[in-house]
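Chain residues, written in single-letter form:
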Amino acid sequence: MKLREQVGLNIRNLRNSRGLSQEQLALAADMDRSYISEIELAKFSASIDVLERIAHALEVAPKELFNERG
């Protein structure tokens, strides 16, 4: 799996585990819902700054977005 795909999957899994919709995550990270969707689907690569905002909104350390999960 490519890193971009892993990050997108991790964001989706973390978001779902917290009971957040894409819209709620987008609001918390101050970005557009469609951008969250594109990142989760690995259609866009997110910048380090964007990943930091998403991690903060998910209340996790940024490194958690890169972990390999089974």
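Treat the numbers as computed from the prediction; the structure is a model and nothing was measured. (Residues numbered from 1 in each chain as written. Predicted model: local features only at pLDDT ≥ 70, side-chain atom pairs only at ≥ 80, totals over all residues. Heavy atoms only, no water.)

A. Looking closely at the side chain of N10. Within the secondary structure, N10 is located in helix α1 (residues 3-17). Since its relative accessible area comes to 1%, N10 is described here as buried. If we ignore the near neighbours within four places in the chain, the residues touching N10 are E64, L65, F66, N67 and R69. (Helix = DSSP H or I, 4+ residues; strand = E, 2+ residues; numbered from the N terminus. Buried < 20%, exposed > 50% of the residue type's maximum accessible area, 1.4 Å probe, protein only. Contact = heavy atoms within 4.5 Å.)

B. Representation of the packing of helix α2 (residues 22-29) against helix α3 (residues 33-40). α3 packs onto α2 with a crossing angle of 110° between their chain directions and a minimal axis gap of 8 Å. Here α3 runs roughly perpendicular to α2, going by the angle between their axes. Along its contact with α2, which presents Q22, E23, L25 and A26, the element α3 presents R33, I36, S37 and E40. (Axes fitted to C-alpha atoms, helices over the stretch in contact; angles between N-to-C directions. Parallel < 35°, antiparallel > 145°, perpendicular 65-115°, else oblique.)

C. Helix α4 (residues 48-58), seen in detail. Within α4, the full set of buried residues consists of V50, L51, I54, A55, A57 and L58. Across the axial projection of α4, the buried residues extend over an arc of 160°, all falling on one side. Exposed side of α4, more than 90 degrees from the buried face: I48, D49 and H56 are the residues found there. Residues of α4 that are buried in the fold lie against α1, α2 and α3. After α4 finishes, the residue E59 shows a positive phi value of roughly 60°. (Arc of directions from axis to C-beta.)

D. Structural view of the pattern of salt bridges. For the structure shown, the criterion picks out two salt bridges. Notably, a salt bridge pairs R12 with E40, separated by 3.7 Å at the nearest N-O pair. On the criterion of sequence distance, the pair formed by R12 in helix α1 and E40 in helix α3 is long-range, its members being 28 residues apart. (Salt bridge = Lys/Arg side-chain N within 4 Å of Asp/Glu carboxyl O.)

E. Broad picture of the nonpolar core. If you look at the biggest cluster of nonpolar residues, it comprises 17 residues, and the most contacted ones within it are I11, L25, I54, L58 and L65. Among the elements that line this core, the one with the most residues is α4, at six residues. (Core = buried A, V, L, I, M, F, W, Y, C linked by side-chain atoms within 4.5 Å.)

F. Just the side chain of E40, in detail. On the accessibility criterion, E40 (4% relative accessible area) is buried. Engagement of the side chain of E40 in a polar contact is seen with the side chain of Q22, the distance being 2.8 Å. (Polar contact = N/O pair within 3.5 Å; in protein donor to acceptor, adjacent residues only side chain to side chain.)

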